[in-house]
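Structure assessment
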Amino acid sequence: MAGLGEAAQKHMEDLMAVDTWEWQSDFARKYVGIGREEGREEGRAKEAARNVILILQDRGLTPSEQERQRIESCTDLDTLKTWVLRAVRVERSEDLFD
């Protein structure tokens, strides 16, 4: 009997695995897709913010804690792209935001 219970449990785990689940409604598919895209966008923003800080640090321009928080809290990819480009040129970390 233990083998049957383990097999049933394994079968249930397989059925409930998130990566194999197919959303049935258009509503669910739409919002799952939106959530995935928001997650990707958030990941790109975090990576861009990390790059701004790394570029500044590599150039010997260590951002203040306030500047670091501003950079890390930014979620606008266009702003972050601008800051990446500026990070290569600025003479002081605070000039990044001008």
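By convention here, each chain's residues receive numbers from 1 onward along its written sequence. A pLDDT threshold of at least 70 governs which residues receive local features in this predicted model, and a stricter bar of 80 or more applies before side-chain atom pairs are shown or counted, although totals over entire chains, interfaces and linings include all residues. Derived side-chain values reflect all non-hydrogen atoms in the structure, with water molecules and hydrogen atoms excluded from consideration.

Bringing the environment of L77 into the picture now. Inspection of the secondary structure assignment puts L77 in helix 4 (residues 77-89). Pairs of residues are marked as contacts when any of their non-hydrogen atoms sit within 4.5 Å. Residue contacts for L77: discarding those within four places in its chain leaves E41, R44 and A45. A helix here means a DSSP run of H or I that spans at least four residues, while a strand means a run of E at least two residues long, and both kinds are numbered starting from the N terminus.

Any carboxyl oxygen of Asp or Glu that lies within 4 Å of a side-chain nitrogen of Lys or Arg is treated as forming a salt bridge with it. Going through the model one piece at a time under the given rule, you end up with four salt bridges. With its nearest N and O atoms 3.7 Å apart, the salt bridge here joins R68 to E72. With a gap of four residues between them, R68 and E72 both fall in helix 3 (residues 65-73), about one helical turn apart.

The next thing to look at is the packing of aromatic side chains. The aromatic pairing rule takes the rings of Phe, Tyr and Trp, using the six-membered ring of Trp, and pairs them if the centres are within 6.5 Å, calling planes under 30 degrees apart stacked, those over 60 edge-to-face and the rest tilted. Applying the stated rule across the entire model yields one aromatic pair. An angle of 90° between the planes, with centres 5.0 Å apart, marks the rings of W83 and F97 as edge-to-face. Here W83, found in helix 4, pairs with F97, found in the segment after helix 4; they are 14 residues apart in sequence, far enough to count as distant. Of the two residues examined, W83 and F97, each falls in the buried class. Buried, partly exposed and exposed residues are distinguished by accessible area as a fraction of the type maximum, computed with a 1.4 Å probe on protein chains only: under 20%, between the cut-offs, and over 50%, respectively.

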